[in-house]
Structures are given as C-alpha cells and as structure tokens.
Amino acid sequence: MKYNLIDHNLFIRNRNNFMAKMKPSSLAVFNSNDIYPISADSTMPFQQHRDIFYLSGVDQEESILVLFPDCPKEKHREVLFLKETNEHIAVWEGEKLTKEAALKTSGIKTVYWLQDMEKIMFELMTQCDTVYINTNEHYRANVETETREDRFTKWLKDKYPAHAVAKSNPILQRLRSVKDAIELDLMQKACDITEKGFRRVLNFVKPDVWEYNIEAEFMHEFLNNRSKGFAYTPIIASGNNANVLHYIENNQQCRAGDLILMDVGAEYANYSSDMSRTIPVSGRFTNRQKDVYNAVNRVKDEATKLLVPGTLWEEYHVEVGKLMTSELLGLGLLDKADVQNENPNWPAYKKYFMHGTSHHIGLDTHDYGLLHEPMQANMVFTVEPGIYIPDEGFGIRLEDDVVIQDSGEPFNLMRNIPIEVEEIEEIMNS
C-alpha cells in the first residue's frame, strides 16, 4: 500500500461498535474481495472489500475476519485468517502480512493461516446459534458478478444449515455512515491530494489541450502524494460533453471559450474524495458563464447550510429544488408559467438540474447510509448542484465534501480548493 499505516485503534473501535449490535451467541464473517481476471493471465488491480477493511484494516486478498463476541474461548472472539506468506510469494508478488504485521495493522491477536479455516470454523460454528452474513444492500448496488463473499456464504449455509442467519449490512449501514475522527483525517488527506491536483490543472489548462491530458495531470499529482489514483472514474468534460452526466471518454480537445466540467477525486487509504469544479479553457469566464456559475455556487452554499443533524435526505432535496428554481428564474431559463404548471413528480427545475444534490461519502464514493433516517453529526456528504444548458454548449457543476457538525454549518473538507470565479481566473492567468 502507498498510504501510511493507519492507527489500529480505529479498527478496534469499529469492531467493538459492530459486536455491540450483534445478537447473543452469534458470529459474523467478512471476506476480502477477489482479484478479478481480465483475460489470459491479466488481472485488475486489487481493491479490498470495504467492510473487512473497515473492521480490520487488512488490505490484501484471501483474508477472512470472524467476530464472535460470546465465544467461550477469549482468543476466538476476534479471528483473522490470512493467506500464508513465504519466500516464493515474497519474491514474485511482494511480502504479504505476517501474523505480527496483521496484529500491528488490525489490533487482532489471533491470526491463523487460511489453510486452517475450515477446521477452526467448525469449532466456532458448534459454539454459536446465529451467523451474520455480509450482503450488498446499498441502494445503488447492481451487481451481476458472484463475489468471494457470495461463494463463502453459499458454502457456510450449505455446511451449517441449522444455524439462524442474520444480516451484517443493516449494522454496517449505520456504523459506516458516521465517521470516526481518524476516518475524517484520512478523508481530509484525500481532499488535500485532490486540491493539489486541481491547482496543478489550473496552471496547465489552455486552449487545445485534450481532456485526457488534464486527466493525466491529476493522476500525476495523485500518485506523487501516496494515492492509488482516482476514487472513481474521472469526468473531464469540455464544452457540451458536460451535459452528459457520466461522460468518461475524456477524449476531446478543449476549445477556446468553452468550459471544462471536472468531476474527480483522489482516494487515500481506500477513503474517497469527490470534487467537481468547472473552469474556462481560456482562463476567463464570459459574462453569461459567470452568471450561471455564480448561481450554481450560491445554491451550493445555501444547500450546505441545510445539512444539519435531524435533516431528512428527501426533504433536503425538496428545499434545494426551491433554491435552484429561484436561480433558474433569475437566469431566464425558467419563467413563472413553467413553475406554476410544473409536474410535482418532475419539477420544472429538473430540466436543467436533473440529479441529486448530495450523497454519503467515505470508504465508498457513494458510501453507506440509510437515507430514510435523520442526518447525524460526523456524517460526510457531498454537495453538488449543477446547471446544464445544451442549447448554450456548457454545463456547470460545483461540488464539495462536508462533515455535519453537532451544531452550525458543516465543516468543508474542500474549503481550501479554489471555487470562486475571481480566484480561479487569477490562478489561471498568473
């Protein structure tokens, strides 16, 4: 891993919080992700399953975490199974976690090699009544691939059919949505790396550069600052490409007078940042571009103030819609008749702002969080309004990542990333 070792007290607290929610005489199991094949002997870069990482800090393949808080043997209340490392693996793949390194990483004292898993699991399963399985129930999930977790669950339920089954996901949805202080520091680091990338790009962009040139500048800065790279597939959308919400081709030339919408974020230690900025290719906004830009920025600022403990996600978006409607009227994009005759299920403002304003962010870019429950302090949300005008050849989105506070406005993790028109133009023309 490129990142610095994380304080294992984070993972100890996370496990304790999870185990406090478990039923009596129950056991929970979490698996690493697979290394996914491309073809021949090629594979995708490994990405750890966020749940086992959240609970252990272990960031390698073929790992299993077992939590059994009521186990008669104290040493089996937290168990890690790891792929056994050896000299051959160290030469060909690099050193894997030793038992000592696993303790330093996770705070877990009992570590077995994976070859002993079935034998140890038999002993543990005879001592518990309920087993927690880990399923993906995120509201955006659409998974066709059978994961390592899925295969393990099938094996476990087939081998131990008499056990009651419970779900880990509802517990994790609540726990992971509220960030620990160490997590917030890691997310701040990810945002700071994103800032460095953006400032580099502001000094790089000029007419006739290509979108992929800009993507490369971000990647250069991210890798130089201990990031694996982008937290998600980056959007570098110049001109009318910005009106395609998930434009990821990044293969067009940036023309003088156009705007570039950039939706990018660095990851750090598996934690995501998520930034959107829109800048002028030529270093100066036109008056019309500036008016629309400032309207989006005002909506972002006012929407941010609404993110306080107790806010409900659905009601929040209704209020943001009202803010956007007012701005669109001021820009002449809507008139009063459009608003009076609007479909309540698809308000008039949706013609120019058709996506949501905020989502949870953390270990996943669209992180865990139960949207029907009130917001809490130390949840982290994006704030990302936009106005998209295909007829005028540009779209503008602005996005920050903010931490809900016990009282007052959220704390902006991207407070140091340039966003005001004047600051952007000054840097681009310095």
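Description of the structure in this document.

Cut-offs and rules
- Residues numbered from 1 in each chain as written.
- Predicted model: local features only at pLDDT ≥ 70, side-chain atom pairs only at ≥ 80, totals over all residues.
- Heavy atoms only, no water.
- Salt bridge = Lys/Arg side-chain N within 4 Å of Asp/Glu carboxyl O.
- Helix = DSSP H or I, 4+ residues; strand = E, 2+ residues; numbered from the N terminus.
- Buried < 20%, exposed > 50% of the residue type's maximum accessible area, 1.4 Å probe, protein only.
- Pairing = 2+ DSSP bridges.
- Expected span 1.5 Å × (residues − 1).
- Arc of directions from axis to C-beta.
- Contact = heavy atoms within 4.5 Å.
- 1 Å grid on protein atoms, 1.4 Å probe; cavity = no way out; pocket = protein on both sides within 12 Å on 5 of 7 lines; lining within 4 Å.
- Points joined across faces, edges and corners; volume = space filled by probe spheres on them.
- Nonpolar A, V, L, I, M, F, W, Y, C, P; charged D, E, K, R; others polar.
- Core = buried A, V, L, I, M, F, W, Y, C linked by side-chain atoms within 4.5 Å.
- Phe/Tyr/Trp six-rings, centres within 6.5 Å; stacked < 30°, edge-to-face > 60°.

## Considering the pattern of salt bridges
Here the structure, examined in full by the defined rule, presents 27 salt bridges. Its salt-bridge partner being Arg-15, residue Glu-78 comes within 3.1 Å of it at the nearest N-O pair. Within this pair, whereas Glu-78 is found in strand β5 (residues 78-82), its partner Arg-15 is found in helix α1 (residues 9-19), the two being separated by 63 residues in sequence. Given the relative accessible area of 0%, Arg-15 is considered buried. Salt-bridge contacts for Glu-217 lead to Arg-200; the nearest nitrogen and oxygen are separated by 2.7 Å. Placement of Glu-217 in helix α9 (residues 211-223) and of Arg-200 in helix α8 (residues 181-202) is noted, with a sequence separation of 17 residues between them. Looking at Arg-200, the relative accessible area reads 28%, which means it is partly exposed. A cluster of three or more residues bridged by salt bridges with shared partners is formed by Asp-51, Arg-176, Lys-179, Asp-364 and Asp-367.

## Observations regarding the sheet that holds strand β17 (residues 400-403)
If you trace the three strands from one edge of the open sheet to the other, you get β14-β17-β18, paired in antiparallel fashion. Of all the strands in the sheet, just β14 (380-383) and β18 (411-412) have a single pairing partner and so form its edges.

## Observations concerning α9
In this model, α9 (13 residues) spans 19 Å end to end at C-alpha, consistent with the 18 Å of a helix rising 1.5 Å per residue. Turning to α9, its buried residues number three or more, namely Glu-211, Ile-214, Glu-217, Phe-218, Glu-221 and Phe-222. Seen end-on, α9 carries its buried residues on one side only, within an arc spanning 130°. Buried residues in α9 make contact with α8, β9 (235-238), β10 (259-264) and β13 (275-280).

## Examining the layout of surface pockets
When its volume is computed, the second largest pocket comes out at roughly 660 Å³. Contributing to the lining of the second largest pocket are 24 residues, with Met-1, Tyr-3, Asp-59, Gln-60 and Glu-95 lying nearest its centre. At three residues, helix α4 (residues 99-106) tops the list of elements feeding residues into the lining of the second largest pocket. Grouping the constituent residues of the lining of the second largest pocket by class yields 11 nonpolar, five polar and eight charged.

## Side note on the nonpolar core
Counting residues in hydrophobic clusters, the biggest one holds 100 residues, and the most contacted among them are Phe-18, Ile-214, Phe-218, Ile-279 and Ile-387. With 10 residues, α8 is the largest single contributor of residues to this core. In this view, Ile-214 contacts Val-201, Phe-204, Val-205, Val-209, Ile-236, Cys-254, Ile-260 and Met-262; residues no more than four positions away in its chain are not counted. Of all hydrophobic cores here, the second largest spans 20 residues; its members include Phe-81, Tyr-112, Leu-114 and Met-125.

## Some details on unusual backbone geometry
The residue Asn-250 is not glycine, and still its phi comes out positive at about 50°. The backbone phi angle of Asn-270 is positive, close to 75°, even though this residue is not glycine. Looking at the secondary structure, you find Asn-270 in the loop between β11 (267-268) and β12 (271-272). Look at Asn-270 and you get buried, because its relative accessible area is 1%.

## Quick notes on empty space enclosed by the protein
Rolled over the atoms, a probe with the dimensions of a water molecule shows which regions are left empty. Within the structure shown, the criterion is met by two cavities of 30 Å³ or more. By volume, the largest cavity is sized at about 60 Å³. Lining the largest cavity, in full, are Gln-173, Arg-174, Ser-177, His-360, Gly-369, Leu-370, Glu-373, Pro-374, Gln-376 and Met-379. When its residues are assigned to classes, the lining of the largest cavity shows three nonpolar, five polar and two charged. Of the pockets and cavities examined, the second largest cavity occupies roughly 30 Å³. Lining the second largest cavity, in full, are Val-29, Tyr-132, Ile-133, Asn-134, Glu-149, Phe-152, Thr-153 and Leu-156. Of all the secondary structure elements, the ones that give two or more residues to the lining of the second largest cavity are β7 (130-133) and α6 (148-159). The element that contributes the greatest number of residues to the lining of the second largest cavity is α6, accounting for four residues. Of the residues in the lining of the second largest cavity, the class split is five nonpolar, two polar and one charged.

## Focus on the packing of aromatic side chains
The way to describe two aromatic rings as a pair is by their centre distance and the angle between their planes. Tallied over the entire structure, the rule returns 12 aromatic pairs. When the ring of Phe-18 is compared with that of Phe-30, the centres are 5.4 Å apart and the planes differ by 80°; the resulting orientation is edge-to-face. Taken as a pair, Phe-18 in helix α1 and Phe-30 in strand β1 (residues 26-31) lie far apart in primary sequence, 12 residues in all. A ring pair is formed by Phe-18 and Tyr-132, whose centres lie 6.3 Å apart and whose planes are at 75°; its orientation type is edge-to-face. You can see Phe-18 sitting in helix α1 and its partner Tyr-132 sitting in strand β7, a full 114 residues away along the chain. The exposure class assigned to Phe-18 is buried, which follows from its relative accessible area of 0%. Among the aromatic residues, ring-to-ring pairing joins Phe-18, Phe-30 and Tyr-132 into one connected group.

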